[in-house]
Amino acid sequence: RACRRRRRICTGARLGARRASARMAQPVSFSAWRNVGRRLGILQVPSAGDEEPLQHLEPGAVFLAARVAVVAGRRYLQRADGSGWIPECSRKDASRVVVEAVDSSASAPGDSSAANATDDAVVACPAPFPKTHVRVRFLRVFVRETRSETSPGVQIGQISLRCRGRLLDMSGFLAENPCGNSPKYEGPEKVFAPKGKWLDLCFREHEQSVLLITAPTEIEVDDFAFRTASDAAHRDPVHLTIHGSLDGWEWIKLHEMAGDLYTPKARLAWSPWLQLRPDPAESCSLDAAEQVACRLQALPSEVSWWRNVGKRLGILSRPCSGVEPSDHLQPNACFAALRVTSVDGLRYFQLAGGRGFVPERSRKDTSRVVAVPAEGPLDVPAAAVAAAAAAVGAPTALVRVQSLRLTVLATRSSAVLCTQISQLCLRCQGSVLSFDGFVAANPLGQSPSGEGVEKLLVGGGKWLDINFSTNQKSVILLTAPHEVSVDDIAFCTANDGAARDPVSLRVEGSCDGKDWVLLHETGECFPTPLGRRCWSPWLSLCAQERAPVGPPLPPSAVASAEFLKMDARRGRHAFARRSFLKRKRSFSDKAATASAAAAASDSAAAPVTPVTPKRPSRRQCSGAGSRCSALPLSMPSPPLSTPSRPELPVHGAAARLEAEGGGGSKPRPAKRKRREPTGKRKHFRLAALSNALVGQAVDVEAVVTRVGEVLRKPSMKNPQVLVNMRRFEMRDGDTSCFWVLLGRRAERFGAQLLGRRVVARGATVHAFKSALHLSGCVRVDVRARAAYD
């Protein structure tokens, strides 16, 4: 009976704990608060002005609050019956808090309607709905502070959203923690589950934690609430900032909770509902210029603003250095540029209204930049800004293409291994083109999952190529469903990694994908914006000259694949031959040892100590390579009759050798594989390198167009050892490839080869990324004039 009684007690305790946990899994509709100050005024609207209160709460009175709102940086609690708003702090002294949170079951002597609030009372007094609702798809929660200043991490048990008084279904939502570090079973996805918690251990390291919530579609939301975890109260967040967005680019602050007043100290307890609404006071305090500067653009602006940092800057009638200026810009003057044009390696800005072109660099000293992007508020009238934004100048020439090839030649930092772009945009006669039906490709590139080249056609992501350092360039190929007219292109920076931003670009166009024409080349040190998610100025596209041949496209990789297959077959045959020669040499050594031992036993009467024969050197061997000629002189001569060979197991290649008569008393040593003489190597022109086999040693003649720096790379044979490596780019006509030197040759040959026609003697052909490249050499000959010219 005692055991059954204890079992019933334990079962009841478990059921009660489950019911309590189920009740706590959903946030309550109201939170209870107490007036800890003097008579507290109830306002009609949340405002910090001199508005007279409708009525007052007596000291110590308890009331129910439906939500917490932020207006002009101060928080107000809305009463459950919608009768008014109660300020968190005293209206006379904003630093003195006059309310505190209490248990929902506490008595309220001053407010009988809220004193003993039951479920029936809550139903009879529903929460007032806001008249307007915020429409978002992305929510970003910044955790700025925790309850303890020494806590290394932050944690949240669960979150919940509400609209029109009803809880939103969180199925299909995604949660991310950028730059965070969570244990295995405490990731950000736990904020949608009633059990568990989200824990970020990198909070103190980054001085904040970010929780990014993505809905499957656009939703309407009014309030936000979170629940504390089951342990470690010092990790609870006490300072939250919530932002909302529709496209993941333009973010608006919806709520800011500061202080531990709204974070309950109890475990598995819900916070009060936090109203998600832009602060009207903060929006009105920003002027027009600040609003434009703070707003992230979903599309590039019609114009870009620049400032003259030099002396009087001449305005040219056309982008050419030999034209006399028709007008001038005063020092420190701002001007609006419709597009950027590149001519002969120099950049020019086209002014609005057809006024002309402004050079980026000084005409007398091209190394001095005189036009830089304008930062901060513009010192121009608002009417001039609106007129410049409305003016769209005519392009120099309209280009009609079906394929565009964008090549990234350099990044902001030379130490990065990859490059990235967030989005591309095309414009024709002032109208942005739609990317419907466009196909994007990244030949020879490699991107992580979720950061492919297709992200360039949509907003909210980025394209990342981690093969930029390997290929020394990154290629983006845009193919339209049909021929389109285009005159400008712009790109957007990503949300992180400013060092990966491109600063040197080349844009080419084609109608058939074979004949490419150069449309724009920015040159070096292009002023790519430093801001994140910022658009570059419009780049003018006009036909200039025949484009240089770039890396092979995927359709032409078939021939390279055949070379790869041939190289694989050749490698298998070489491995089989090496194995056969190794077994043959081992068998020959054993046979020679057995013959010497037998000869020594026959001549035991002679006082001579037998000597075990050693493998002869190359100098001891004759031209035929006989073992008998390599025996030491002190060894007695073998008898005329050769002793019988001992019975040894014969397998594989040795059995075939014995059947052919090669396993007699005079086994032939294996011939060493010698390096192919220089006279027998084939001499190739770089344009005909495709005729060479992979792994073949050839002599290649070409012009060195680029010399890289000496880098320390792990050795292929021993990764723990670092060797010097230098990479050259060789070009012969329209064909180019890479040539890599290692060790001392990387230090010996350098900038003295730049622009010279050289012959790499004994270079080895390699297949890498569907293209043929060279490595190593025996000798380098520098020629003043090529033999083919």
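Our subject is the structure that appears above.
Since we're looking at a predicted model, the values are computed, not measured.

**Student:** I tried to follow the overall build of the protein on my own but got confused; where do I start?
**Tutor:** Helix and strand counts for the protein stand at 11 helices and 45 strands. Taken across its 789 residues, the protein has 40% of its residues classed as buried. The long-range fraction of contacts in the protein, counting pairs at least 24 apart against all pairs at least 6 apart in sequence, stands at 69%. Per element, the accessible surface of the protein, about 42,600 Å² overall, is 54% carbon and sulfur.

**Student:** Can you walk me through the packing of aromatic side chains in this structure?
**Tutor:** Here a ring pair, both rings aromatic, is described through the centre-centre distance and the interplanar angle of the planes. Under the defined criterion, the tally for this structure stands at 8 aromatic pairs. Between the aromatic rings of F435 and F438, the centroid separation amounts to 5.2 Å while the plane-to-plane angle is 80°, which identifies the pairing as edge-to-face. You'll find F435 and F438 in the same group, each marked buried. In this structure, R427 is placed above the aromatic ring of W538, and the distance from its NZ or CZ to the ring centre is 4.3 Å. In this structure, R727 is placed above the aromatic ring of F738, and the distance from its NZ or CZ to the ring centre is 5.4 Å.

**Student:** Help me out: how do you make sense of the environment of V416 in this one?
**Tutor:** Position of V416 relative to the elements: it lies in the loop between strand 26 (399–411) and strand 27 (419–421). Taking the C-alpha atoms as reference points, V416 and R500, separated by 84 residues in sequence, lie 6.5 Å from one another.

**Student:** Would you mind showing me how to read the pattern of salt bridges here?
**Tutor:** As a working rule, side chains carrying opposite charge can pair if their charged atoms are close by. On inspection of all chains with the given rule, the structure shows 26 salt bridges. A salt bridge links E256 to K253; the nearest nitrogen and oxygen atoms lie 3.3 Å apart. Classification of K253 as partly exposed rests on a relative accessible area of 29%. Measuring nitrogen to oxygen at the nearest pair gives 2.9 Å for the salt bridge that ties K462 to D496. Residue K462 is found in the loop between strand 30 (439–441) and strand 31 (463–465), and its partner D496 is found in the loop between strand 33 (488–492) and strand 34 (502–510); the two are separated by 34 residues along the sequence. Owing to a relative accessible area of 34%, D496 belongs among the partly exposed residues under this scheme. In this structure, a network of salt bridges that share partners links the residues R135, R164, E218 and E220.

**Student:** Would you mind going over the pairing of strand 23 (residues 346–351) with me for this structure?
**Tutor:** Each regular strand displays side chains that alternate between the two surfaces of the sheet. Of all 6 residues in strand 23, 5 are buried; the element is thus mostly enclosed. The loop that links strand 22 (residues 334–343) with its antiparallel partner strand 23 comprises 2 residues; one of these, D344, has a positive phi angle of about 55°. Pairing geometry for strand 23 and strand 24 (residues 357–359), over 3 bridges, is antiparallel. Bridge pairing in strand 24 places F349 opposite V358.

Quick notes on the rules
Per chain, residues are indexed from 1 in the order of the written sequence. With the structure being a predicted model, the display of local features is reserved for residues of pLDDT at least 70 and the display and counting of side-chain atom pairs for 80 or more, all residues being used for whole-chain, interface and lining totals. Just so you know, side-chain values use all the structure's heavy atoms and leave hydrogens and water out. Helix and strand definitions follow DSSP, with helices as H or I runs of at least four residues and strands as E runs of at least two, each counted in order from the N terminus. Exposure is judged per residue with a 1.4 Å probe applied to protein chains only, and the accessible area is read against the type maximum: over 50% gives exposed, under 20% gives buried, and values in between give partly exposed. Between two residues, a contact is recorded if the distance between any of their heavy atoms is within 4.5 Å. Per-residue accessibility takes into account occlusion by the displayed protein chains alone, with areas from the Shrake-Rupley method and a 1.4 Å probe. Only Phe, Tyr and Trp rings take part, Trp by its six-membered ring, and two of them pair if their centres are within 6.5 Å. Stacked means planes under 30 degrees apart, edge-to-face means over 60, and tilted covers everything else. By the criterion adopted, a ring carries a charge over it if an Arg CZ or a Lys NZ lies within 6 Å of its centre and within 35 degrees of its normal. When a carboxyl oxygen of Asp or Glu is within 4 Å of a side-chain nitrogen of Lys or Arg, the pair counts as a salt bridge. For two strands to be treated as a pair, DSSP must find at least two bridges joining them.

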